[in-house]
Amino acid sequence: MILRRSEARAPLALRSISVAYRGVPALWDVSWEAREGSMTAIVGPNGAGKSSLLNAAIGALRPLAGEAFFWGQSFASARSRVAYVPQRESVDWDFPVTALQVVEMGAARRLDWLLPDWLLPDWLLPTWVRRQEGSREHRAEARSCLEDLGLGAFADRPIGQLSGGQQQRVFLARAMAQQADLLLLDEPFAGVDSETEDALFHRLRSLCDEGTTIIAVHHDLESARTRFDDALLLSGSVIATGSAREALSEDNVRRAFASGSATLASSDPGARQLA
Amino acid sequence: MFDGSRCPIAWLGSAPPATSLRALPEASGPLEAWLQVLSFGGGYNTNVVLLGAILLGISAGAVGSFAMLKGRALVADAISHASLVGVGSAFLLQAAAGQQERSMPLLMLGAALAGTCAVVSIEWITRHTRLSAETAVATVSSASFGAGIVVLSATRRVSGADRAGLDELIFGSTASMTSADAMLMAILAVAALGATLALYRVLTAVAFNERFAHARGLPVRLLDTILAALVGAVAMAGLQAVGMLLVAALLVAPAATARLWTTRVAPMVLVAAAAGAGAAWIGASLSAVTPNAPAGPLIILSAAAAFLVSLLIAPDRGIFSGWLRHRQVAAAARRLAAGGPAAAANSGSAPTGPASAGPASAGPASAGPASAGAGPADAGPPADEGSR
């Protein structure tokens, strides 16, 4: 597989990805590259394939065709550098787990999954298998991520007792605990009040300044324009890309939201550009 | 077309063969006899069976917890119904081959194969259609039950001497269990328990958030398969003691009981294991001292009783505490509506309103057992002020 130079560098490069659900296309021929250290909003009408795009990129959904590269590698090899935050509704919030335990799942390293500390303590392991960081350290790390998002007081609460915005922040804390270079967020601000949204944006921006690339499915056009650097406007296929202000111009947005599924019918990009 | 003796339904409904252990001659009354068995004074064979049943209960509780958290609690039901088909077919094959003795391993193999088929079809339907997992399980489960009855009615036409063996597998029979059978059951149960504990973290992660687990590189499909295999192992282990029709209940009831008392996975698994062990201990020992009382149903009834009691009295999630909380909050709301300035000042910090009347887990119920006695001011949804 020959990669273009920009594809090999980009934190996420999509090449001609198409996705269908039982024969009904949801995404058609999407090619796009994320800019390192930027914040990108994926915007589009309902059913535009925004979540499908993220899921196809991480291989949770098998695309019909096309490939996704993370710094030029497959997701499997770049996995440890990528954190994925699913939609809040994708989880049973009555699950018997505390906020801190959820975040610890993000902090856990490969070996911890199979050999939890209480089952096989570190000092019993030969040095070459030993965990790089003890799980006590993970707990501290997880706790500091929670505190970072203002949830320190809720660490030991069952997640079902948290409000929607708090649950969303727990998910974000879990992603931060992964210390990834690329964050893929699926509707991170759904059900979040504006004050919390401000705080979250602030936090994401500071991560971004440290070099993390952030790609978020976002539903609000206004804040997508003002708060994100770049945008990917989707409606089954790519309508516009580029800086958030340009890509989300009135004209582009009207095309994306008016066309709906019609965009898929005429999957010839040239024709759409002229329209 | 069916006369009474041929009708498989009537046959299933008829009384199972005598399946209790012999009552102990030296005990004076039924209660003393029961206490004697409970305290492992019932003789070698009884003790082996009792211990085996307890191990089965422990592993059923632990494995069942994960099956329930994964939303696949009823897969056990499908497996056990399918194993009816497997056992019946294996029996017919054996009869066709002219073998006289019933071979337990062969019957188990049949059950295991059929159970695998059931699990595979459920997973396939769930992944490749838009039907919910629940629908897939229900369809496969009842279809297997139908097929099982057809196969079993066919076995009725084959000579009857060894039929008793089949009945034992269906209704469970501790009486006919040899200590070798009990040992086999114990080994299967301990293996399932060990695997569950070793995989505790990954199973939790996959059950909680499959997509995240996938993104972190956990082999989600493999773990699904392992969990199904563990459920199958418990079902096979319980085949003789509890019977295939009831083994699903042994996986579900202790886990459901434990969920009422706990808010984390690890305690839940422990409580479920304890509940399963307790039910097996009480049920099997009761059956040992009661003439003609099969162990399986008694074990399940004990588990169901534990669930019922928990449902009523469990803190936070129980019916009684819910009712109590409702009364407190309702009284506070009425005081507020009555509108004395003092009352308003008192509960001014509880502007919960109808928004907090959402799902029990997000509303006032969330105050948790610690603050169950506290006033309504604490009962609202956790406030966001704590955040920045």
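Residues numbered from 1 in each chain as written. Chains lettered and ligands numbered in written order. Predicted model: local features only at pLDDT ≥ 70, side-chain atom pairs only at ≥ 80, totals over all residues.

Comments concerning the overall build of chain A
- Of regular secondary structure, chain A possesses 13 helices and nine strands.
- When the 275 residues of chain A are sorted by exposure, 45% land in the buried category.
- Excluding contacts between residues fewer than 6 apart, the proportion of contacts in chain A whose partners are at least 24 apart in sequence is 70%. (Helix = DSSP H or I, 4+ residues; strand = E, 2+ residues; numbered from the N terminus. Buried ≥ 20, exposed ≤ 12 C-beta atoms within 10 Å, placed from the backbone. Contact = placed C-beta atoms within 7 Å.)

Digging into the environment of Ala-180 of chain B
All names here are of chain B.
- Summarising the element assignment, Ala-180 is placed in helix H8 (residues 179-198).
- For Ala-180, a count of 10 C-beta atoms within 10 Å gives the class exposed.
- Taking the C-alpha atoms as reference, Ala-180 lies 39 Å from Thr-263; in sequence the two are 83 residues apart.

A look at helix H11 (residues 220-241) of chain B
- With 22 residues, H11 of chain B should cover 32 Å at 1.5 Å per step; its first-to-last C-alpha distance of 32 Å lies within 8% of that length.
- The first or second residue beyond H11 of chain B is Gly-243 of chain B, which carries a positive phi of 95°. (Expected span 1.5 Å × (residues − 1).)

Some points on the nonpolar core
All names here are of chain B.
- Ranked by size, the top nonpolar core spans 194 residues in total, and within it Val-231 and Leu-251 carry the most contacts.
- When residues of this core are assigned to their parent elements, the largest contribution, 16 residues, is made by helix H13 (residues 265-289).
- Not counting residues within four places of it along the chain, the set of residues in contact with Leu-251 comprises Ala-60, Val-63, Gly-64, Ala-67, Ala-73, Ala-76, Val-231 and Val-234. (Core = buried A, V, L, I, M, F, W, Y, C linked by C-beta atoms within 7 Å.)

Quick notes on the environment of Ala-241 of chain B
Residues and elements named next belong to chain B.
- Relative to the helices and strands, Ala-241 resides in helix H11.
- On the neighbour-count criterion, Ala-241 (30 C-beta atoms within 10 Å) is buried.
- Considering only alpha carbons, one finds Ala-241 and Pro-294, 53 residues apart in sequence, at a separation of 9.1 Å.
- Each residue touching Ala-241, except ones within four places of it in the same chain, is listed here: Gly-52, Ala-53, Leu-56, Gly-172, Thr-174, Met-177, Met-185, Ala-295 and Gly-296.

Here's the deal with the sheet that holds strand S2 (residues 24-33) of chain A
Residues and elements named next belong to chain A.
- The sheet built from three strands is open, its strands ordered S2-S1-S4 with antiparallel pairing. Sheet topology places S2 and strand S4 (65-69) at the edges, where each strand pairs with a single neighbour. Recorded for the sheet is a direction-independent mean angle of 25° between the axes of neighbouring strands.
- Sheet topology places strand S1 (residues 13-21) next to S4; four bridges connect them, and they run antiparallel. Bridging across to S4, Leu-14 finds its partner in Ala-68. (Pairing = 2+ DSSP bridges. Axes fitted to C-alpha atoms, helices over the stretch in contact; angles between N-to-C directions.)

Observations concerning the sheet that holds strand S8 (residues 230-235) of chain A
All names here are of chain A.
- The six strands are arranged S5-S6-S7-S3-S8-S9 in an open sheet whose pairing can be described as mixed. Of all strands in the sheet, those with a lone pairing partner are strand S5 (82-85) and strand S9 (237-243), marking the two edges. In this sheet, adjacent strand axes meet at a mean angle of 15° when their direction is disregarded.
- Relative to S9, S8 is paired through six bridges, and the arrangement is antiparallel. Looking at the pairing, Leu-234 lines up with Val-238 of S9.

A closer look at H8 of chain B
All names here are of chain B.
- Between its terminal C-alpha atoms H8 stretches 28 Å, which fits the 28 Å expected from 20 residues at 1.5 Å a residue.
- Of the residues making up H8, those classed as buried are Ala-182, Met-185, Ala-186, Leu-188, Ala-189, Ala-192, Leu-193 and Thr-196. For H8, the angular spread of the buried residues around the axis is 165°, confining them to a single face. Among the exposed residues of H8, those oriented more than 90 degrees off its buried face are Ala-180 and Gly-194.
- Those residues of H8 that are buried are in contact with helix H3 (44-69), helix H9 (200-208) and H11. (Arc of directions from axis to C-beta.)

Considering the packing of helix H12 (residues 247-261) of chain B against H13 of chain B
Residues and elements named next belong to chain B.
- Direction vectors running N to C along H12 and H13 enclose 130°, while the axes themselves pass 8 Å from each other. Between H12 and H13, the angle is such that the two are oblique. For the crossing formed where H12 meets H13, the hand is right-handed. Across from Leu-250, Pro-254, Ala-255, Thr-257, Ala-258, Arg-259 and Trp-261 in H12, the residues of H13 making contact are Met-268, Val-271, Ala-272, Ala-275, Gly-276 and Ala-279.
- Taken together, the residues of the contact of H12 with H13 break down into ten nonpolar, two polar and one charged. (Parallel < 35°, antiparallel > 145°, perpendicular 65-115°, else oblique. Left-handed = near helix turned anticlockwise from the far one by under 90°. Nonpolar A, V, L, I, M, F, W, Y, C, P; charged D, E, K, R; others polar.)

Remarks on the confidence of the model for chain A
Residue and element names in this part refer to chain A.
- Overall, the predicted model of chain A reaches an average pLDDT of 83, with 83% of residues at or above 70.
- Across chain A, the secondary-structure element scoring lowest on mean pLDDT is helix H13 (residues 269-274), at 37, and the one scoring highest is strand S7 (residues 213-217), at 95.
- Here residues 129-133 is a poorly scored stretch, pLDDT under 50, and it has nine contacts once near neighbours within four places are set aside; other chains count. (pLDDT = per-residue confidence, 0-100.)

A word on the environment of Arg-143 of chain A
Residue and element names in this part refer to chain A.
- The residue Arg-143 is located in helix H6 (residues 135-148) in this model.
- Residues Arg-143 and Leu-100, 43 residues apart in the sequence, show an inter-C-alpha distance of 6.5 Å.
- The residues contacting Arg-143, other than those within four sequence positions of it, are Leu-100 and Ala-155.

Some points on the pairing of strand S6 (residues 182-186) of chain A
Residues and elements named next belong to chain A.
- Counting buried positions over the five residues of S6 gives five, a clear majority of the element.
- Alternating positions in S6 separate into two faces, Leu-182, Leu-184 and Asp-186 on one and Leu-183 and Leu-185 on the other, with burial throughout.
- Judged from the four bridges that link them, S5 and S6 form a sheet pairing that is parallel. Note on S6: the bridge partner recorded for Tyr-84 is Leu-184.
- With five bridges joining them, S6 and S7 adopt parallel strand pairing. Note on S7: the bridge partner recorded for Leu-184 is Ile-215.
- For the segment spanning S6, helix H8 (residues 194-209) and S7, crossover handedness is right-handed. (Right-handed = clockwise from strand over helix to strand, strands pointing away.)

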